[in-house]
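# Chains, contacts and geometry: an overview
One-letter residues, chain by chain:
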Amino acid sequence: MNDEFYRIKRLPPYVIAEVNAMRAAARHSGEDIIDLGMGNPDLPPPDHVIDKLCEVARKPDAHGYSQSRGIPGLRRAQANYYGRRFNVDLDPEREVVVTMGSKEGLASIATAISAPGDVILAPNPSYPIHTFGFIIAGATIREVPTTPDENYFRALDAAMRHSVPRPTVLIVNYPSNPTAETVDLAFYERVVAWAKENEVWVLSDLAYSELYYDGKPTRSILEVPGAKDVAVEFTSLSKTYSMAGWRMGFAVGNPTMIAALTRVKSYLDYGAFTPIQAAACAALNGPQDIVARNRELYQKRRDVMVEAFGRAGWDIPPPAASMFAWAPLPPQFSDMGSLEFSKRMLAEAKVAVAPGVGYGELGEGFVRIAMVENEQRLRQAVRNVKRWFQSMGHNGG
């Protein structure tokens, strides 16, 4: 019997899993590990959202199969959000579908719109689902830089000239996970024009739409006139409302791609539990003060982390958005590589971070630090790391 399954053979070992396994083992043995590795929000959802979940869950008719594409009220709520936030008009029937988090949506659309051998343009470094969703579907990845500069567009043009077959899909993700880089509307205007000229679909991952700092709101690709001709955008309630485990996300935009995604999903799932969808409506339609409070809290954490690590001798660029900092390895540790550095930091400083190489080969030399612990724990992490640096003969600076 052949146990070399085709799609499993195409998936490399998940590098980040090595650090995750070490962290789990350390915690199991009773060690206090400060976990800045996984982007798992430590804040609770708003009370009125939890109340709505409980209220609907008590209804005897709320426990059957739900709707794969999302209940109508939730699709309307997401369309209204785009209208309020981005001044974008969406048809809840044709241009919105509910997904089980943006991760499931990206994987399902890869199945829906790509065939084995298709060439997909994906950023490097990037969140793993941006590449592996399409790899699982049988497509081939051609990497483009994540940094949104002139070199990015030169790489797009080179990909169109030199790829056989020509690329069919471009994935963009800003604010970027893992690099936290952001873009302005002019960047999206250029991407949309390029996509139309080259007949390429665009998938935009906007999971961190509301975690922006210094008063500079994120933009949506759908704000560009005509973007819906080529683009679908994914958002999530995970970070905005601290609802990561609820698995509530959306795909919105081009009706042809939304129809394809909806059709594939109809074969794969019956939709999220109806009370969760009702609670998601309450999140989108209810008071939005929690969004601003969370944003301010993460910005304070960012400032504390950057300042404290800087005093410890590790200069970390302050992220403009997201819940992550993309930190270059301290120069004295650069030869170690991001995976070994992350392992040593976990073992010796009791602080978990994500090795940059887990997000693509161009992530080597960096680690991703998640701001998912409170300020006191962040300061403790810095003290632990500073002691580790000193034990290695490095005293900051």
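See the structure printed just above.
Fair warning: this is a prediction, and the values are worked out from it, not measured in the lab.

Bringing the packing of helix 2 (residues 15-28) against helix 12 (residues 338-349) into the picture now. Running from N to C, helix 2 and helix 12 point in directions that differ by 10 degrees, and their axes come no closer than 10 Å. Of the possible angle classes, the one that applies to helix 2 and helix 12 is roughly parallel. Packed against helix 2, whose contacting residues are V15, E18, V19, M22 and R23, the element helix 12 presents L339, S342, K343, L346 and A347 at the interface. Split by residue class, the contact of helix 2 with helix 12 holds six nonpolar, one polar and three charged.

Below, the discussion takes up the nonpolar core. Of all hydrophobic cores here, the largest spans 56 residues; its most connected members are L74, Y82, Y152, L170 and L222. Counting residues per element, the ones that place at least two in this core are helix 4 (72-86), strand 2 (96-99), helix 7 (150-162), strand 5 (169-173), helix 8 (185-198), strand 8 (249-253), helix 10 (274-285) and helix 11 (289-311). Here this core gets seven residues from one element, more than from any other, and that element is helix 8. With near-sequence residues (within four places) excluded, L74 lies in contact with V98, M248, F250, Q277, A280, C281 and L284. Counting residues in hydrophobic clusters, the runner-up holds 37 residues, among them A312, W314, A327 and F333.

In space, the three strands of this open sheet follow the order 9-12-11, with antiparallel pairing throughout. Here the strands that pair on one side only, and so sit at the sheet edges, are strand 9 (324-328) and strand 11 (354-355). Two elements, strand 9 and strand 12 (residues 366-370), share five bridges in a ladder whose sense is antiparallel. Looking at the pairing, W326 lines up with R368 of strand 12.

The sheet built from seven strands is open, its strands ordered 2-8-7-6-5-3-4 with mixed pairing. The strands lining the two open edges of the sheet, one partner per strand, are strand 2 and strand 4 (140-145). Neighbour to neighbour, the strand axes of the sheet diverge by 25 degrees on average, direction disregarded. Examined bridge by bridge, strand 3 (residues 119-124) and strand 4 share six bridges and lie parallel to one another. Its bridge partner lying in strand 4, I120 is registered against I141. Strand contacts of helix 7: strand 3, strand 4 and strand 5, with the helix running at about 150 degrees to strand 4, the strand carrying the most contacts. Across the sheet, helix 9 (residues 255-268) lies against strand 2, strand 6 (201-205), strand 7 (231-236) and strand 8, angled at about 35 degrees from strand 2, the strand it touches most.

Applying the stated criterion to the full structure yields three cavities of 30 Å³ or more. Quantified by volume, the largest cavity comes out at close to 70 Å³. Around the largest cavity, the lining residues are Q78, Y81, S209, E210, T235, S236, L237, T240, Y241, F250 and L284. Looking at the lining of the largest cavity, the elements that each hand over two or more residues are helix 4 and strand 7. Each residue belonging to the lining of the largest cavity can be placed in one class, and the counts come to five nonpolar, five polar and one charged. If you add up the space inside the second largest cavity, you get close to 50 Å³.

We now examine helix 11. For helix 11, built from 23 residues, the straight-helix expectation of 33 Å at 1.5 Å per residue is met to within 8% by its first-to-last C-alpha distance of 33 Å. Among the residues of helix 11, I290, V291, N294, R295, Y298, R301, R302, V304, M305, V306, A308 and F309 are the ones counted as buried. Where the residues of helix 11 are buried, they touch strand 9, strand 12 and helix 13 (375-391). Backbone geometry just after helix 11 places G313 at a positive phi near 100 degrees.

When you line up the elements, T262 lands in helix 9. A polar contact is formed between the side chain of T262 and the backbone oxygen of I258, at a distance of 2.7 Å. Ignoring anything within four residues of it in the chain, the contact list for T262 reads R69 and V97.

For the largest pocket, the calculated volume is near 600 Å³. As for the largest pocket, its lining consists of 30 residues, of which M38, G39, K103, Y127 and K239 are closest to the centre. No other element matches helix 5 (residues 101-113), which puts four residues into the lining of the largest pocket. For the lining of the largest pocket, the per-class residue count stands at 13 nonpolar, twelve polar and five charged.

Next up on the list: the pairing of strand 8. Counting buried positions along strand 8 yields five of five residues, so the element is predominantly enclosed. Of the two faces of strand 8, the one carrying G249, A251 and G253 and the one carrying F250 and V252 are both buried. Pairing of strand 2 with strand 8, which is carried by four bridges, proceeds in the antiparallel orientation. Note that in strand 8 the partner of V98 across the bridge is F250. In terms of strand pairing, strand 7 meets strand 8 through five bridges, oriented antiparallel. In the strand pairing of strand 8, F234 is matched with A251.

Definitions and limits used
Residues numbered from 1 in each chain as written. Predicted model: local features only at pLDDT ≥ 70, side-chain atom pairs only at ≥ 80, totals over all residues. Heavy atoms only, no water. Axes fitted to C-alpha atoms, helices over the stretch in contact; angles between N-to-C directions. Helix = DSSP H or I, 4+ residues; strand = E, 2+ residues; numbered from the N terminus. Parallel < 35°, antiparallel > 145°, perpendicular 65-115°, else oblique. Contact = heavy atoms within 4.5 Å. Nonpolar A, V, L, I, M, F, W, Y, C, P; charged D, E, K, R; others polar. Core = buried A, V, L, I, M, F, W, Y, C linked by side-chain atoms within 4.5 Å. Buried < 20%, exposed > 50% of the residue type's maximum accessible area, 1.4 Å probe, protein only. Pairing = 2+ DSSP bridges. 1 Å grid on protein atoms, 1.4 Å probe; cavity = no way out; pocket = protein on both sides within 12 Å on 5 of 7 lines; lining within 4 Å. Points joined across faces, edges and corners; volume = space filled by probe spheres on them. Expected span 1.5 Å × (residues − 1). Polar contact = N/O pair within 3.5 Å; in protein donor to acceptor, adjacent residues only side chain to side chain.

Honestly, that's just the spatial picture; any functional story needs more than this.
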